[in-house]
Every structure is written in structure tokens, then in C-alpha cells.
Amino acid sequence: MRGLLLAVLALSVFGCASVKKVESGTNRLGERFTISIEGAWNQLDFPGVKPAQVWTMEGVTVDEFLIFNGIRDGEVMNSKSGNGKQQDFVFRKSMPTEEIVSLFEGVLSRDNAVFKLIKIEPYPFGGKKGFRFEYERIRKTDNVQLRGVGFGAVDGGDLFALLYHAPRLTFFPRHQARVEAIAATAVIR
Amino acid sequence: MKRRTFLAGATAWGLGLVSRPGRTADDLGYSAPPRFTRPETSGEEGGLWALMDREERNLRRSPLIVRDGDLQSYVQDIACRLGSDHCPDIRVTLVRTPLFNASMAPNGMMQVWTGLLLRVENEAQLAAVLGHEIGHYLQKHSVERLRDIKSKSAIGQVFGLFGLAGAVGQLAVAASAYAYGRQHETEADRIGAQLMHRAGYQVGEAAKIWSNLLAESQAAEGKGANGSLLFATHPAPPERRAMLEDIARSLPDGVTGEEAFGRHVQRYLDEWLNDEIKRGQYAESLVLTTRHIARKFALETMHYHRGEIYRLRGRDGDLDLALGDYRNAIENDKPYPLALRGIGLIQRQRGQRKEAIEMLSRYLELAPAAPDALFIQSYIAELNS
């Protein structure tokens, strides 16, 4: 994420990044994926951010809400940030849950951050058989210790997932319940 | 000093009987400068020291520091033997990062990354890298590098992006860690080899490091190949390896310290290998784990993690290879719990219900509080139904 953070800073300076307010209510994220939110979020858009949508409550250098909306078989999971020499992480529809979580571990460690899986459990997500996991991460850029939670399910060979992480002491506890509530409203059609 | 006397000294040192062996006369004649005094803060070098002091304070607060007094003292002690009279000025910090790298700042702050500790095979190889960095320190290469960087116009862009304070900090780090010129590298190699020799290590181990890194690099596929910063910033052409081999021939004998090194890093291997695998550079990680298996180092740990690499890579035939490694990791009386999990997960995928249930159940018996316990229970329930 170091590259991502630097990219956001740089792009903000040069006016290439945009921030859009996401209002309360039901948000259709794509043809098949819907979530409902209470309270507004900020959606960041800048070159290279895909395939995830990046939302933030406190600012992208503080917290990130990553939305993976129907990742297809063979699609790269990580953003195009970094020096271009880092490994890409590719989703395969045949992956069992534990490999999908390993994929997220790779994506979130791509900046050499330290990632630790705290818990993984079955979780009905979007009306499908899915999974929920908790993790800790030490961001390499600034050594901030983050806490995170993720939800996901594969349906029709596509991966739908929500990940949220924030500094563990103040911001994660502040927004965890809000994120859990959003995950509970997810619908995959 | 006669060879027999030297060997006796080196052996005694290897056994921990003496803290610092004397210098040998039959080396390449390098004479280290006297200990450095802190330069005036108003000067260029003094400013760099002050900045690195600040970087060091920040580093010491980092959650990425390996805060194990025993391991830290062990590496510090090796650096001290190499640094000799400069020992009091060298401060080693171990940083949890899965890349092969070490660096030394002009104020004496030395960083050693865990990716390096995972890759070297003995004390002598570690000493080769530390000695090389101490060589840069003794010759003040980073100060020269700072002057060189400052003269380049590109630095203005850095100021523009990060602001003055950030830029100076970045500059200081860059000066200490990145892109020494070929002449500096060669000089540091030669000095490092002599420091190794004087400390009683086998200088021939230095060239082996580069052979091992080259093997990883050659196995790497496509972009993302070899994340080693040291490799990226310290180019290691075959002639460099040859030069180290030449030096080794003129500085024979010495110890490798393999047993002591293995004993000190053993308890961290799982953590470091987990970090290594998360890089997603499976071809490189396979070369690394296969090399350690070939030298019969931490066999169960290495077999389990190589099995994980195969399972996660998932190419044709990889699951069979993973199963083979997992089974090697559970051979003895005390099976490696995560290897049981690995077998269970693969057999579940393959529809081998009976063995999947057995292995996953055994895994939970041995690791009831595992992070994935609830998930594995759901798999067992599903298999039973």
C-alpha cells in the first residue's frame, strides 16, 4: 500500500485523483453486488486503483474500505501501485476459501507490510456461503499497526469481498461495527 | 601470526572461548581508520549524522523491530568482532522484512533484515554481509554518496514531493542504503573479506552468498523477480563472485559457525518463512527452501513451508509435491500440525474424505486455538455430512 499512498498523495497534488461522496442508503456497486450504508463515505478514484473500489471514512492514509465487486477468474487482485516489479496476485475461481484468504494476505503484504491472520470463520455473505476473517497488519510506509476485517464469497465463479482496515487503537474500533453492519446488508444477485 | 596460532585462535573463538581474536599478518593489508568522532553538526557530514540519529530513533520505535535480546546480541556480537576497534560505535537493529538486505549509516546504525537471516547458512555468510557494510562505513562511502546525490538535479523532484524535511530524511536513507558505485562495492567487498578473515571466519563463504542469490534470481519468473534490495543495489556479476573467490584463496581457513547460527535463528523460521511466502515469489522461495532442505537444515519446517509454496502455486503436479513435503514434515513422533492441515486441505479438494477428516481432526487436536479452527471445523462437518 506504500505505493498506493504515495500515488494518492502525488495524484492529489497534480489533480488526477478525485474524491466522491457516497451517500447513506443502498448502493449498487455493480450489476450483481449491493450494499447498504448508514453515514457517508468518501470514494477515491485515481488511475491504477482498480480492481478494488477504495472508500475511506477518515482519509486514505488512515483507513481503507476495499470493495471487490465480482473479480473474475484470472483477474489480478492488486492495484497497479508500486514499482511495477512486484508480484501480481491472481484470483482463480477454483480456489478454496483458504487460498482466497492467502491471496488477500499477499495483496495486503505487497508493500512488504507484515500480515497476521487472527481468525477465519464461515460467514454467510451476500446471501451466499462465504467467509469472514480478521487480521493485523503493520504498514511498512509508516510502521502503523492496523487491524482489519474481511468478508467474502464466490458466486458463479466471481469473487465478491469487502475489506476494512484502520489503525488498531482508535480508528478500527470506531468503525468496526459500521463495517460489520454494511457486510450484513450485502446482497449478491 | 603463524597459521597454527591463528587456527587455534579461530577455533577458540568459534567455541566462544575468546571474545576477539587478534589480527593475522597474512591478510590483504587493510588498515582500518581510528574510531570516528562525531562531526560538527554545522557541517555536511555532521548534518547527515544528525539526520541518521533521527532515523534511528524512529526505527527503534518501529513494531517491525525483532525485539529478541538473544538474537540481537548474537548478531551485534558478530558485527563487533568484525568492527574490532569500532565495535562501540556499531549498533545493530534487526528488522522484520522478508528481503535480503543490510545497510549501515554513517552514525553507526546498522539494519539487518530478516530476509537476509533467512537466506544465509552460517555465521561466516552473515559476517560477509555485515563486514561488507562495515567496509562502507569505515571508508565513509555514504558521505561520498550523499555529495554525489546532492549534485544531481533529480533530487529537486524529491523535495517537491515530500517537502524539505522528508526529502532530507529520504536523502540520508538513500545515502546510507542505496546504489554505491562499482568502486565502492569492490572496496567494501575486499575490506569485508579481510574483516571476516581477521575475525576468524571462512572467507570462501562470501562468494557462496552471491551464488545462492543468483540461483534464486535465475529461478524467478517475469516481473517481481528477486526482491532482494541488496541484490538490486549491489550488482553481483560473476566477476564479483570470482573476485571474492580469489580473495578467499589468499585468506584461507577459518570457521563457518553453522551450528551456532542455526540455533539462534531456529525459533524464527516459521515467521520469516510465512513472510517470505506472502511475497508471492514462489519460484524464488522454492529455490530457497530446497537449498535448506538439501543441507538438512530445519527439515520439518522447510518441508512444511515448501509444501505450502507448492499448494499455493497450484500448478499441474504441485499438489502431489505439496503432499510429499507435508508427509515429510509429519514423519517423526512430533508431527508438524500445519502439515496435517495441509494434507487435510488437499485431500478435501481431491475428495479423499477419510484422510481429509483424519488429518484435519489431528490438526485441531494439536492446535485447538488455531486462527482457522472454526473454519476447519466447518470443513470437517461438511465432510462428515
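Reading the values: rules and limits
- Residues numbered from 1 in each chain as written.
- Chains lettered and ligands numbered in written order.
- Predicted model: local features only at pLDDT ≥ 70, side-chain atom pairs only at ≥ 80, totals over all residues.
- Heavy atoms only, no water.
- Helix = DSSP H or I, 4+ residues; strand = E, 2+ residues; numbered from the N terminus.
- Buried < 20%, exposed > 50% of the residue type's maximum accessible area, 1.4 Å probe, protein only.
- Areas by Shrake-Rupley, 256 points an atom, 1.4 Å probe, with all protein chains shown as cover.
- Contact = heavy atoms within 4.5 Å.
- Expected span 1.5 Å × (residues − 1).
- pLDDT = per-residue confidence, 0-100.
- Salt bridge = Lys/Arg side-chain N within 4 Å of Asp/Glu carboxyl O.
- Polar contact = N/O pair within 3.5 Å; in protein donor to acceptor, adjacent residues only side chain to side chain.
- Pairing = 2+ DSSP bridges.
- Axes fitted to C-alpha atoms, helices over the stretch in contact; angles between N-to-C directions.
- Parallel < 35°, antiparallel > 145°, perpendicular 65-115°, else oblique.
- Left-handed = near helix turned anticlockwise from the far one by under 90°.
- Nonpolar A, V, L, I, M, F, W, Y, C, P; charged D, E, K, R; others polar.

1. Thoughts on the overall build of chain A
Across its full length, chain A holds three helices and eleven strands. Starting at the N terminus and ending at the C terminus, chain A contains elements arranged as α-β-β-β-β-β-β-α-β-β-β-β-α-β. Within chain A, buried positions represent 54% of all 189 residues. Looking at chain A as shown, the accessible area adds up to about 7900 Å², and 50% of this sits on carbon and sulfur atoms.

2. What to know about the environment of Pro335(B)
Residues and elements named next belong to chain B. Structurally, the position occupied by Pro-335 is in the loop between helix H16 (318-329) and helix H17 (337-349). For Pro-335, a relative accessible area of 15% translates into the label buried. Each C-alpha atom, one on Pro-335 and one on Arg-362, is 9.7 Å from the other, the two residues being 27 residues apart in sequence. Apart from the residues lying within four places of it in its own chain, the contact partners of Pro-335 are Ala-329, Ile-330, Leu-340, Arg-362 and Leu-366.

3. A short note on helix H18 (residues 353-366) of chain B
Residues and elements named next belong to chain B. Between the first and last C-alpha of H18 there are 20 Å, a value that for 14 residues agrees with the 20 Å anticipated at 1.5 Å per step. Buried within H18 we find Ala-356, Ile-357, Met-359, Leu-360, Tyr-363 and Leu-364. Buried residues along H18 sit against H16, H17 and helix H19 (373-384).

4. Notes on the confidence of the model for chain A
Averaged over every residue, the pLDDT of chain A is 89; the share at 70 or more is 88%. Mean pLDDT values for the elements of chain A range from 51 in helix H1 (residues 2-14) of chain A up to 98 in strand S10 (residues 158-167) of chain A.

5. Considering the interface of chain A and chain B
In this assembly, 32 residues from chain A lie in contact with 31 residues from chain B. Between Glu382(B) and Lys129(A) there is a salt bridge, with the nearest N and O atoms lying 3.1 Å from each other. Here chain A and chain B share six residue pairs in polar contact (both at pLDDT 80 or more) between them. Among the elements of the structure, H1, helix H2 (97-108), strand S7 (114-125) and strand S8 (128-138) of chain A are those that each provide at least two residues to the side of chain A that touches chain B.

6. Things to note about the sheet that holds strand S11 (residues 187-188) of chain A
Residue and element names in this part refer to chain A. Within the open sheet, the three strands sit side by side as S2-S3-S11. Their pairing is antiparallel. The open sheet is flanked by strand S2 (25-28) and S11, the only strands paired with a single partner. In the sheet, S2 pairs with strand S3 (residues 33-37) via four bridges, with the strands oriented antiparallel. By the bridge assignment for S3, Thr-26 is matched with Ser-36. Lying over the sheet, helix H3 (residues 171-185) contacts S3 and S11, oriented at roughly 140 degrees with respect to S3.

7. A look at the pairing of S3(A)
Here is the key point about a regular strand: its side chains alternate between the two faces of the sheet. Residues and elements named next belong to chain A. For S3, the tally of buried residues reaches four of five residues, placing the bulk of the element in the interior. Relative to S11, S3 runs antiparallel, the two sharing two bridges. Across the sheet, the residue bridging to Thr-34 is Val-187, located in S11.

8. Focus on the packing of helix H8 (residues 182-198) of chain B against helix H11 (residues 238-250) of chain B
All names here are of chain B. At a minimum axis separation of 10 Å, H8 and H11 run at an interaxial angle of 30 degrees. As summarised for this structure, H8 and H11 are arranged roughly parallel, according to the angle between their axes. As H8 runs across H11, the sense of the crossing is right-handed. Together, Arg-182, Glu-185, Thr-186, Asp-189, Arg-190 and Ala-193 of H8 and Glu-239, Arg-240, Met-243, Leu-244 and Ile-247 of H11 make up the contact between the two elements. Of the residues belonging to the contact of H8 with H11, the class tally is four nonpolar, one polar and six charged.

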